[in-house]
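Read off the chains here:
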Amino acid sequence: MRLVLLGAPGAGKGTQAKKLIEKHGIPQISTGDILRKAVADGSPLGKEAKSYMDKGELVPDKVVIGLIEDRLKQPDCKKGFILDGFPRNTAQAETLDAMLKKLNMPLDSALSVDVPKDDLMKRLTGRRTCKGCQQMYNVYFSPPKKNGVCDKCGGELFHRDDDKEETIKRRLDVYDAQTAPLINYYKKSGILKSVIGVGGIDEIFKKVCIILEGK
Ligand code: AP5
Ligand code: MG
């Protein structure tokens, strides 16, 4: 499976990706996670990225394209991958297509996870993520058993810096202007699929499996 997950901030791309990696044993490549790790490590890349991320803007293409290029060449991508949060605009999508053509691993599908705007704000302000294993929770919809502690690994849960109301609004505008046009891009290339991302997480995952694999 070589998949791109599309969807607005909070649509559940990361949540569904985690379930797909458990089922298929292929890596989830999240540019957001890679950038947040660089920020936490205080690397030069992290310092550059942080100023964009805190404002809800996209990090420059040359930075994220370089990251993806390195990651896709790793041996674990040979059996497939799930791209979560990349590409984010047409220039990134075109570069990705060219890159994957050279590596002889074209995409099978681009899955758009569709969620109404009104649901996204509550999902994002309520999100908590594990510092250890990156598992996501939501204080409103899927809280951990013990407040602030990951059910899976016992790690500490944190609230993302960009999950503040003002920054969320900007991220949603950036999504509409720059990322939503990719739905048409992949429709034209014939690999677009879509799922309604409302309802229980497991119920959505069942639909995702049927849409992607017919079972
Ligand atoms: P990124 O980390 O990619 O964030 P995003 O696209 O804004 O998406 P999110 O991670 O917020 O949402 P998600 O769809 O993964 O939802 P989740 O599963 O967590 O990017 C962050 C920043 O990095 C960008 O703003 C940019 O600056 C930079 N960046 C990253 N990639 C880049 C690129 N390619 N180019 C340039 N810049 C880039 O779910 C959200 C919450 O909802 C969770 O709490 C979850 O538990 C809950 N939830 C999930 N499903 C359900 C459900 N069915 N019902 C109720 N709640 C649910
Ligand atoms: Mg995510």
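Above this text sits the structure in question.
Residues numbered from 1 in each chain as written. Chains lettered and ligands numbered in written order. Predicted model: local features only at pLDDT ≥ 70, side-chain atom pairs only at ≥ 80, totals over all residues. Heavy atoms only, no water.

**Concerning the nonpolar core**
Residues Leu72, Phe81, Leu96 and Tyr186 are the most contacted members of the largest nonpolar core, which totals 28 residues. Put simply, the parts of the chain that give this core at least two residues each are strand E1 (2–6), helix H3 (44–55), helix H4 (61–72), strand E3 (81–84), helix H5 (90–102) and helix H8 (181–188). With 6 residues, H4 is the single largest residue contributor to this core. In this view, leucine 96 contacts Val4, Ile68, Leu72, Leu83, Phe86, Pro87, Leu107 and Tyr186; residues no more than four positions away in its chain are not counted. Listed in part, the 22 residues of the second largest apolar core include Leu3, Ile82, Ile168 and Leu212. (Core = buried A, V, L, I, M, F, W, Y, C linked by side-chain atoms within 4.5 Å. Buried < 20%, exposed > 50% of the residue type's maximum accessible area, 1.4 Å probe, protein only. Helix = DSSP H or I, 4+ residues; strand = E, 2+ residues; numbered from the N terminus. Contact = heavy atoms within 4.5 Å.)

**Quick notes on the side chain of glutamine 135**
Mapped onto the fold, glutamine 135 is located in the loop between strand E5 (127–130) and strand E6 (136–138). Look at glutamine 135 and you get buried, because its relative accessible area is 17%. Among all residues touching glutamine 135, those that are not within four sequence positions of it are Lys18, Arg128, Thr129, Cys130, Cys150 and Lys152.

**Some words on the packing of helix H7 (residues 165–179) against H8**
It is the contact of H7 with H8, at a shortest axis distance of 6 Å, that shows an interaxial angle of 35°. Residue-level inspection shows Tyr175, Asp176, Ala177, Gln178 and Thr179 of H7 in contact with H8, the latter providing Pro181, Leu182 and Ile183. (Axes fitted to C-alpha atoms, helices over the stretch in contact; angles between N-to-C directions.)

**What about H8?**
Every buried residue of H8 is accounted for by Leu182, Tyr185 and Tyr186. Down the axis of H8, the sector holding all buried residues measures 90°, keeping them to one side. Projecting away from the buried face of H8 at angles above 90 degrees are the exposed residues Lys187 and Lys188. Of the surrounding elements, those touching the buried residues of H8 are E1, H5, strand E4 (109–114), H7 and strand E8 (192–196). (Arc of directions from axis to C-beta.)

Taken by themselves, the reported measurements are silent on function.
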